[in-house]
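Residue-level structure breakdown
Chain residues, written in single-letter form:
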Amino acid sequence: MNNLLLIAYLDLKESIRAKWFVVYSLVFGGMIALFFIAGVTESQVMGFSGLSRLLLMYIQITIVILPIFILITTVRSISGDRDNHILEYMLCFPISLRQYYWGKIIGRFITVYLPVLFAMVVAIFFGAFKGASIPWSIFFLYTGLLFALSSAFLGIAFFISSFVKSSEVALGIAFFIWIFLLAFIDIALISLMMQQRFNEELIIVIAMLNPMEIFRVAAISLFDPELTVMGPVAFYILDFMSQTIFVLVSIVYPFAIGGAFAFAGFKIFEKKDLV
Amino acid sequence: MIKISNLTKKFGSHISLDNLSCEFHKNESIALMGANGAGKTTLIRSILGYYHPDIGEILVNGTNPIQDRVKVLQDISFVPQLPPPIKLSLHELMQYVSISAHVEKELIVHYANEMKLDIKANMHKSFFKLSGGMKQKMLIAISLAKNSTIIIYDEPTANLDPKARDDFYRLLQQNEEEKVLLFVTHRLEEVKDLVNRQIYMDLGRVVWDEKA
């Protein structure tokens with residue numbers, strides 16, 4: 001086993017034992033269980049029913065809680081180790097900073113992504129067992145979207161973790177980023193739009209730069225390829241690119257953001273004092 | 001083995017190491033002393049490649065620890081003053097050390113036994129759940145099993161009872177040949193039989209350097 005995989009493997013084992021991981025897994029697993037108990041698969045809203053309806057609800061809730069879960073559990077991974085002197089000891093062994101940093105990212109990515117994916121797989125199996133038809137295209141789209149969203153916020157979290165000295169500050173920044181992307185940016189853009197200070201296209205482009213927003217739109221694009229539920233905004237998006245391209249962008253773009261932030265975090269980690 | 005040239009390290013406006021120059025050679029056992037804030041820990045962390053110097057450089061066997069940390073750290077064993085709350089089990093910690101630094105696990109178990117630490121009974125227990133003394137014994141066992149040519153101890157006996165201290169000094173005496181031993185200590189009387197050089201630091205400078 002090389003050092004990169006060793007770090008990833010040990011981080012994964014350590015995370016799986018942590019209490020936050022139990023809560024994290026229970027939240028996503030429990031959500032799916034709750035949907036079945038509540039009979040979501042039997043309901044029909046806006047034309048969506050069965051497992052499609054369940055997956056749509058799952059993704060709508062996931063978009064709110066997954067980023068904050070990833071941010072608060074990951075943002076302390078390096079800054080927390082720095083805080084309590086674990087980094088000082090673990091890095092006194094001949095491991096390169098590249099192996100340590102990227103090993104941590106790989107380990108943490110598996111930790112945060114697998115429970116979310118596993119909950120969806122359970123839903124598919126349980127739905128199939130109950131005789132529901134399986135919406136494979138939606139399942140694969142969501143697998144890709146969740147992968148991309150997890151990457152984006154993991155990259156952002158590691159970026160914060162690489163330069164913040166105290167884990168409390170890291171948590172504060174993480175929370176601010178989450179609430180900013182979730183709500184503040186929308187509120188600000190809506191007010192700009194209402195005041196008509198900028199043209200609508202610019203505002204929509206800014207909104208679409210937000211990985212949570214693009215995830216949100218892409219999540220409904222398979223059910224509603226014309227994006228009619230979004231009203232006139234759909235015109236701007238689908239006029240700019242086809243629905244297929246939009247779906248691809250919605251997966252590639254957050255993944256690229258995550259990669260860019262993670263890489264920037266690595267450069268800071270490499271150039272700054274380690275402890 | 002270790003050459004420190006005109007090393008200055010600042011944290012904001014505070015100068016932690018002030019144009020410090022010093023060399024440590026093979027077969028030297030050094031007691032590094034000084035009041036709190038004298039710069040001892042900063043010096044050690046700079047040798048380990050944790051800090052980027054503002055001015056000057058450190059060479060360990062001719063290699064800069066920041067530019068080639070892997071090569072430098074192959075030759076260094078380090079035990080911090082307070083054992084960190086590592087959440088890995090002893091088994092996992094040994095796996096980490098054994099793969100990253102090519103240390104034989106059996107050798108860690110051997111030195112742990114010499115320190116009267118029963119690793120096998122605690123193999124799957126988290127490191128941070130051990131008592132302070134047990135943690136320190138484990139880190140000492142790892143440092144000795146690594147068989148480095150440079151051993152750095154930052155107040156290593158702080159959590160050890162008198163018997164464990166005796167075991168520790170006995171093991172060190174058996175392993176000090178052809179090495180550089182660097183002790184950060186406030187208790188010279190404890191290590192004076194072991195050291196052949198005493199360095200006293202104040203305000204980031206070496207103010208007293210005496211070889212036996």
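Residues numbered from 1 in each chain as written. Chains lettered and ligands numbered in written order. Predicted model: local features only at pLDDT ≥ 70, side-chain atom pairs only at ≥ 80, totals over all residues.

1. Observations concerning the overall build of chain A
Counting secondary structure elements, chain A contains 12 helices and 2 strands. The N-to-C order of helical and strand elements in chain A reads α-α-β-β-α-α-α-α-α-α-α-α-α-α. By the compact-globule yardstick of 19 Å for 275 residues, chain A fits well, its C-alpha radius of gyration being 20 Å. Principal axes of the C-alpha set define a box for chain A whose edges measure 60 × 55 × 30 Å. The contacts in chain A between residues at least 6 apart in sequence include a share of 79% that link residues at least 24 apart. (Helix = DSSP H or I, 4+ residues; strand = E, 2+ residues; numbered from the N terminus. Rg over C-alpha atoms; globule rule 2.2 N^0.38 Å. Contact = placed C-beta atoms within 7 Å.)

2. Description of the overall build of chain B
Counting secondary structure elements, chain B contains 8 helices and 9 strands. What you see for chain B is a C-alpha radius of gyration of 17 Å, in line with the 17 Å of a compact globule of 212 residues. Taken along the three principal axes of its C-alpha coordinates, chain B extends 50 × 35 × 30 Å. Counting only residues that meet the buried cut, chain B has 47% of its 212 residues in that class. For chain B, the proportion of contacts with a sequence separation of at least 24, taken over those separated by at least 6, is 69%. (Buried ≥ 20, exposed ≤ 12 C-beta atoms within 10 Å, placed from the backbone.)

3. Let's talk about the confidence of the model for chain A
For chain A, the mean per-residue pLDDT works out to 87, and 97% of the residues sit at or above 70. No element of chain A has a lower mean pLDDT than strand 1 (residues 44-45) of chain A, which averages 62, and none a higher one than helix 5 (residues 86-90) of chain A, which averages 95. (pLDDT = per-residue confidence, 0-100.)

4. Some thoughts on the sheet that holds strand 7 (residues 180-184) of chain B
Residue and element names in this part refer to chain B. Pairing in this open sheet of 6 strands is mixed, and the strands run 5-6-7-3-8-9 from one edge to the other. Sheet topology places strand 5 (76-79) and strand 9 (205-211) at the edges, where each strand pairs with a single neighbour. Mean inter-strand twist for the sheet, computed between neighbouring axes without regard to direction, equals 15 degrees. Bridging between strand 3 (residues 28-34) and strand 7 involves 5 bridges; their strand directions are parallel. The partner of Ser29 across the bridge, within strand 7, is Leu181. In the packing of helix 6 (residues 132-145) onto the sheet, the strands contacted are strand 5 and strand 6 (150-154), and the crossing angle to strand 5 comes to about 170 degrees. (Pairing = 2+ DSSP bridges. Axes fitted to C-alpha atoms, helices over the stretch in contact; angles between N-to-C directions.)

5. Here we look at helix 6 of chain B
Residues and elements named next belong to chain B. Helix length check: helix 6 (14 residues) gives 20 Å between terminal C-alpha atoms against 20 Å at 1.5 Å per residue, within 8%. For helix 6, a buried count of 12 out of 14 residues is recorded, marking the element as mostly surrounded by other parts of the structure. For helix 6, the complete set of buried residues consists of Met134, Lys135, Gln136, Lys137, Met138, Leu139, Ile140, Ala141, Ile142, Ser143, Leu144 and Ala145. If you follow the buried residues of helix 6, they end up packed against strand 5, helix 3 (90-101), helix 4 (105-114), strand 6 and helix 7 (162-175). Among the residues trailing helix 6, Asn147 stands out with phi positive, at a value near 55 degrees. (Expected span 1.5 Å × (residues − 1).)

6. Remarks on the interface of chain B and chain A
Taken residue by residue, the interface counts 24 residues in chain B and 19 residues in chain A. In terms of residue count, the dominant contributor to the side of chain B that touches chain A is helix 3 of chain B (6 residues). Of the residues that constitute the side of chain B that touches chain A, the class distribution is 17 nonpolar, 3 polar and 4 charged. (Nonpolar A, V, L, I, M, F, W, Y, C, P; charged D, E, K, R; others polar.)

7. Description of the packing of helix 2 (residues 19-37) of chain A against helix 6 (residues 97-129) of chain A
Residue and element names in this part refer to chain A. Remark: helix 2 packs on helix 6, axes separated minimally by 9 Å, with the N-to-C direction vectors making an angle of 20 degrees. When the axes of helix 2 and helix 6 are compared, the pair comes out roughly parallel. In terms of crossing hand, the pair formed by helix 2 and helix 6 is right-handed. Residues Phe21, Tyr24, Ser25, Phe28, Gly29, Met31, Ile32 and Phe36 of helix 2 form the contact with helix 6, whose own contacting residues are Thr111, Pro115, Val116, Ala119, Val122, Ala123 and Phe126. Considered class by class, the residues forming the contact of helix 2 with helix 6 number 12 nonpolar, 3 polar and no charged. (Parallel < 35°, antiparallel > 145°, perpendicular 65-115°, else oblique. Left-handed = near helix turned anticlockwise from the far one by under 90°.)

8. Here's the deal with the confidence of the model for chain B
Considering every residue of chain B, the mean pLDDT works out to 93; 100% of them sit at 70 or more. Across the whole predicted complex the pTM is 0.91, and at the interface the ipTM reaches 0.95.

9. Focus on the environment of Ile61 of chain A
Along the chain, the position of Ile61 of chain A falls in helix 3 (residues 50-74). Judged by local crowding, Ile61 of chain A falls into the partly exposed class, with 14 C-beta atoms found within 10 Å.

10. Overview of unusual backbone geometry
All names here are of chain B. With a phi close to 60 degrees, Lys116 is a non-glycine residue in the positive phi region. With respect to the secondary-structure elements, Lys116 resides in the loop between helix 4 and helix 5 (119-122). For Leu203, which is not a glycine, the phi torsion comes out positive at approximately 50 degrees. In this fold, Leu203 is placed in the loop between strand 8 (197-202) and strand 9.

11. Points about the packing of helix 1 (residues 3-17) of chain A against helix 6 of chain A
Geometry of a packed helix pair, given as the angle between the helix axes and the separation of the axes. All names here are of chain A. It is at 7 Å that the axes of helix 1 and helix 6 come closest, and there the two elements cross at 40 degrees. In terms of orientation, helix 1 lies oblique with respect to helix 6. Regarding helix 1 and helix 6, the two cross each other, and that crossing is right-handed. Seen from helix 1, the contacting residues are Asn3, Leu4, Leu6, Ile7, Ala8, Tyr9, Asp11, Leu12, Ser15 and Ile16; seen from helix 6, they are Gln99, Tyr100, Trp102, Gly103, Lys104, Ile106, Gly107, Arg108, Ile110 and Thr111. Of the residues assigned to the contact of helix 1 with helix 6, the class counts are 11 nonpolar, 6 polar and 3 charged.

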